[in-house]
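Descriptive structure summary
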Amino acid sequence: MSRYEIERPPKKIIEDLKKMYSGIIQDACDKVLGLGVRTWMDANLRPIFDEIKLIGPAITLQMVPPSLSSYKGRSGLSLAFEAIDMAQAGDVFVVGGGLTDSGMWGEMMAIAGTVKGLGGAVVDGGVRDVLAIREMKFPLFYRNPVVTTAQTRLDTISVNDPIQCGGRLVCPGDLVFGDYDGITVVPRDSIDKIYPLCLEYFDTEKKQRTALKQGMRLSQLKEDIL
């Protein structure tokens with residue numbers, strides 16, 4: 001099997017969950033997996049624009065500071081570029097490394113991702129060309145803007161291996177969901193259990209909103225609706 005082949009959830013699951021928000025997904029994860037299982041990423045990973053909605057199966061990249069070899073021998077983003085070229089529409093890139101002084105993602109990668117139809121990217125580190133990426137509305141979470149290129153300052157060492165990103169383990173094919181409130185990662189082997197609970201919670205919250213607008217006291221809500 002090629003390293004670019006991952007298990008992807010059915011399109012209907014993606015379409016249904018895209019109508020929701022991160023709190024619903026996180027609540028369902030808490031219920032199915034238990035409160036002791038961390039499925040959310042660090043709050044310091046912030047959206048590049050406020051109205052962001054990011055969802056899709058994870059393609060993972062691991063970046064590290066380069067060795068002491070010559071600049072000419074460093075791979076930089078070459079492997080990342082290849083992974084973007086090989087990705088499918090709807091995939092979400094999850095980039096680990098925590099490198100806050102080099103651009104782990106940039107405008108050219110965002111343009112290629114937009115043309116490809118990617119679901120977005122979550123970058124645990126610095127991003128360059130932030131305003132250009134924001135203008136094109138490419139869904140992206142990142143730690144901080146940077147001015148420096150990554151090409152001579154880091155190496156991309158793996159594609160689609162388990163990585164740490166935003167304080168949690170992410171495996172290829174995990175379902176990544178992000179909006180303004182934050183990012184939740186649904187383990188790929190739990191999607192079938194968490195998805196129907198998301199539908200249930202989403203419907204319940206619609207009933208809750210209606211009940212509150214009709215005058216129900218907040219203290220009654222859980223007893224009468226749930």
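Our structure is the block above this text.
The notes below deal with the structure included here. All residue numbers refer to positions counted from 1 along the written sequence of the respective chain. Confidence filtering applies because this is a predicted model: local features only for residues at pLDDT of at least 70, side-chain atom pairs given and counted only at 80 or more, and all residues used for totals across whole chains, interfaces and linings. Neither water nor hydrogens contribute to the side-chain values; these are computed over all heavy atoms in the structure.

Next up on the list: helix H6 (residues 191-213). For the α-helix, the turn length of 3.6 residues means that residues three or four positions removed from each other point alike. Taking 1.5 Å of rise per residue, 23 residues should cover 33 Å, and H6 covers 33 Å from first to last C-alpha, within 8% of that figure. A 1.4 Å probe rolled over the protein chains alone gives each residue an accessible area, and that area as a share of the maximum for its type sets the label: buried under 20%, exposed over 50%, partly exposed in between. Numbering of helices and strands runs from the N terminus, with a helix taken as a DSSP run of H or I at least four residues long and a strand as a DSSP run of E at least two residues long. Of all the residues in H6, the buried ones are Ile191, Ile194, Tyr195, Leu197, Cys198, Thr204, Glu205, Gln208 and Ala211. Glycine 215 occupies a position one or two residues after H6 and carries a positive phi of about 105°. Here a helix's expected span is defined as the number of its residues, less one, multiplied by 1.5 Å.

What follows covers the packing of helix H2 (residues 22-33) against H6. Angles shown run from 0 to 180 degrees and are taken between the N-to-C directions of axes, each axis being a line fitted to C-alpha atoms and, for helices, limited to the stretch in contact. It is at 9 Å that the axes of H2 and H6 come closest, and there the two elements cross at 125°. In this view, H2 runs oblique relative to H6, as classed from their interaxial angle. H2 and H6 meet at a crossing whose hand is right-handed. On H6, the residues touching Ile24, Ile25, Asp27, Ala28, Cys29, Lys31, Val32 and Leu33 of H2 are Lys193, Ile194, Leu197, Cys198, Tyr201, Phe202 and Glu205. Roughly parallel covers angles under 35 degrees, roughly antiparallel covers those over 145, roughly perpendicular covers 65 to 115, and oblique covers all other angles. For any pair of crossing helices, the crossing counts as left-handed if the nearer helix is rotated counterclockwise from the farther one by less than a right angle, and right-handed if it is rotated clockwise. Contacts are assigned to residue pairs that have any heavy atoms within 4.5 Å of one another.

Below, the discussion takes up the packing of aromatic side chains. Each aromatic ring pair is characterised by the separation of its centres together with the angle its planes make. Here a pair means two rings of Phe, Tyr or Trp (six-membered ring of Trp) with centres within 6.5 Å. Their orientation is stacked below 30 degrees between planes, edge-to-face above 60, and tilted elsewhere. As enumerated under the stated definition, the model contains two aromatic pairs in all. Here phenylalanine 93 and tryptophan 105 contribute two aromatic rings whose centre-to-centre distance is 5.9 Å and whose plane-to-plane angle is 55°, an arrangement assigned as tilted. Of this pair, phenylalanine 93 sits in strand E3 (residues 92-96) while tryptophan 105 is found in the loop between E3 and helix H4 (107-116), placing the two residues twelve residues apart along the sequence. The pair formed by phenylalanine 93 and tryptophan 105 is uniform in burial state, with each residue classed as buried. Their ring planes at 15° and their centres at 6.0 Å tell us that tryptophan 105 and phenylalanine 138 sit as a pair that is stacked. With tryptophan 105 in the loop between E3 and H4 and phenylalanine 138 in the loop between helix H5 (130-135) and strand E6 (140-142), this pair connects stretches of sequence that are 33 residues apart. Of the two residues examined, tryptophan 105 and phenylalanine 138, each falls in the buried class. An aromatic cluster is present here, built from Phe93, Trp105 and Phe138 joined pairwise through their rings.

Let's shift gears to the layout of surface pockets. Both site types are read off a 1 Å grid over the protein atoms alone. A 1.4 Å probe that fits but cannot get out defines a cavity, while an open set with protein on both sides within 12 Å along at least five of seven lines defines a pocket; lining residues have an atom within 4 Å of a point. Grid points are joined across faces, edges and corners, and a volume is the space filled by probe spheres set on the points. Taken as a whole, the largest pocket encloses approximately 320 Å³ of empty space. Lining the largest pocket are 16 residues, with Ile14, Ile55, Ala89, Gly90 and Asp91 positioned closest to its centre. Those elements that place two or more of their residues in the lining of the largest pocket are helix H1 (11-18) and strand E2 (53-64). For this classification, Asp, Glu, Lys and Arg are treated as charged, while Ala, Val, Leu, Ile, Met, Phe, Trp, Tyr, Cys and Pro are nonpolar and the rest, including Gly, are polar. Of the residues that constitute the lining of the largest pocket, the class distribution is seven nonpolar, three polar and six charged. Estimated volume of the second largest pocket: approximately 170 Å³. Lining the second largest pocket are 13 residues, and of these Leu77, Gly106, Arg128, Asp129 and Thr149 lie nearest its centre. Across the lining of the second largest pocket, the residue classes tally to six nonpolar, four polar and three charged.

Here, a salt bridge means any Lys or Arg side-chain nitrogen found within 4 Å of an Asp or Glu carboxyl oxygen. For the coordinates displayed, the defined rule picks out nine salt bridges. With a shortest N-O distance of 2.8 Å, arginine 8 and aspartate 91 are connected by a salt bridge. Of this pair, arginine 8 sits in the segment before H1 while aspartate 91 sits in the loop between helix H3 (78-86) and E3, and the two are 83 residues apart along the sequence. Looking at arginine 8, the relative accessible area reads 26%, which means it is partly exposed. Classification of aspartate 91 as buried rests on a relative accessible area of 0%. Close ionic contact of arginine 38 with aspartate 42 constitutes a salt bridge, the shortest N to O distance being 2.7 Å.

Honestly, it's all geometry; don't read function into it.
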